[in-house]
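Commentary on secondary and tertiary structure
Take a look at the letters that make up each chain.
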Amino acid sequence: MTSTSPDVGARTAHGVPPRVASGAPVEADLGWALGVVFRRYAKASGAALDDVPGGPRGYQVLATVTSDGPKRQLDLAAQLGVDRTVMTYLLDDLEKAGLVQRQPDPADRRARLIVPTEQATETLCDLERRLAATEDEVLGSLDEAERSSFRMLLQRVALKADAIDPLHNACVLADESVDPATT
């Protein structure tokens, strides 16, 4: 008779060795490290974008319509994972700030294209400089080669994770009362 739990025996039978308590410090835990880095980046990037209508979401809108060209409002909302009602209010604020314009879509008069203004391009350049400084601060303990490797590896892991379990609504992550494991 053994003292191994059925769960451990089942995992071992499927080729996955059971984990044993290693006594490693919390700093060695992947979840702890990801959480700390994400928290620091989220706070610093939020501060860098605090004067943009909509903060990080407003930045994403500006970056998308500037790099991809004009987009229909609903297509933009879907691409960024933003609820269409939230997108309407966000675009209202960006338009009031002179950063985007809503123009009729020549292919469908009922739809509106979101077009960046010249001011949006200038603002985006400034925001990208601020975000680069934020990344420099967050990744400051790594040299340039390590930063490049870190970004490449993190992107590979993120793409695989997103393919397995895509996030269908990025707004959910902004709500601190929602458990990301359930989205």
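Residues numbered from 1 in each chain as written. Predicted model: local features only at pLDDT ≥ 70, side-chain atom pairs only at ≥ 80, totals over all residues. Heavy atoms only, no water.

A look at the confidence of the model for the protein
- On average, residues of the protein carry a pLDDT of 84, and 79% of them reach 70 or more.
- Put simply, helix α8 (residues 171-174) is where the protein has its lowest mean pLDDT, 47, and helix α5 (residues 84-96) is where it has its highest, 96.
- Scored below 50 in pLDDT, residues 1-5 shows one contact in the model against residues more than four places distant or in partner chains.
- Predicted confidence is poor over residues 169-178, with pLDDT under 50, and the contacts of this stretch with residues over four places away or in other chains come to 13 contacts. (pLDDT = per-residue confidence, 0-100. Helix = DSSP H or I, 4+ residues; strand = E, 2+ residues; numbered from the N terminus. Contact = heavy atoms within 4.5 Å.)

Structural notes on helix α3 (residues 55-68)
- Taking 1.5 Å of rise per residue, 14 residues should cover 20 Å, and α3 covers 20 Å from first to last C-alpha, within 8% of that figure.
- The set of residues buried in α3 consists of Gly55, Gly58, Tyr59, Val61, Leu62, Ala63, Thr64 and Val65.
- Tucked into the core, α3 has its buried residues touching β1 (71-72), α4 (73-80), α5, β2 (100-105), β3 (108-116) and α6 (118-138).
- Where α3 ends, the next residue or the one after it, Gly69, has phi of about 95 degrees, a positive value. (Expected span 1.5 Å × (residues − 1). Buried < 20%, exposed > 50% of the residue type's maximum accessible area, 1.4 Å probe, protein only.)

A short note on the pairing of β2
- Bridge count for β2 against β3 is six bridges, and the pairing is antiparallel. Bridge pairing links Gln101 to Val115 in β3.
- Here β2 hands over to β3 after two residues, the two strands then running antiparallel side by side. (Pairing = 2+ DSSP bridges.)

Digging into the sheet that holds β2
- The strand order across the open sheet formed by three strands is β1-β3-β2, and the pairing between neighbours is antiparallel. In this open sheet, the two edge strands, each paired with only one partner strand, are β1 and β2.
- In this sheet, β3 lies alongside β1 in antiparallel orientation, the contact comprising two bridges. Paired with Lys71 across the strands is Ile114, a residue of β3.

Digging into the environment of Thr134
- Secondary-structure assignment places Thr134 in helix α6.
- Residues Thr134 and Ala48, spaced 86 residues apart in sequence, show a C-alpha to C-alpha distance of 7.4 Å.
- In contact with Thr134, other than residues within four places in its own chain, are Tyr41, Ala44, Ser45 and Ala48.

With respect to the pattern of salt bridges
- Scanning the model with the defined rule gives 10 salt bridges in all.
- With a closest N to O distance of 2.6 Å, Arg72 and Asp105 form a salt bridge. Of this pair, Arg72 sits in strand β1 while Asp105 sits in strand β2; the two residues are 33 residues apart in sequence, bridging distant segments of the chain.
- Among the charged side chains, a network of salt bridges with common partners joins Asp51, Asp126 and Arg130. (Salt bridge = Lys/Arg side-chain N within 4 Å of Asp/Glu carboxyl O.)

Things to note about α5
- The terminal C-alpha atoms of α5, which comprises 13 residues, lie 18 Å apart, in line with the 18 Å expected from a rise of 1.5 Å per residue.
- Within the span of α5, buried status applies to Met87, Leu90, Leu91 and Leu94. Projection of α5 onto a plane perpendicular to its axis shows the buried side chains occupying an angular sector of 100 degrees, all on one side. Structural note: α5 exposes Tyr89 and Lys96 on the side pointing more than 90 degrees away from its buried face.
- Where α5 starts, the residue carrying a side-chain oxygen 2.9 Å from the main-chain nitrogen of Thr85 turns out to be Asp83.
- Immediately beyond the C-terminal end of α5, within one or two residues, lies Gly98, with a positive phi of roughly 80 degrees. (Arc of directions from axis to C-beta. Polar contact = N/O pair within 3.5 Å; in protein donor to acceptor, adjacent residues only side chain to side chain.)

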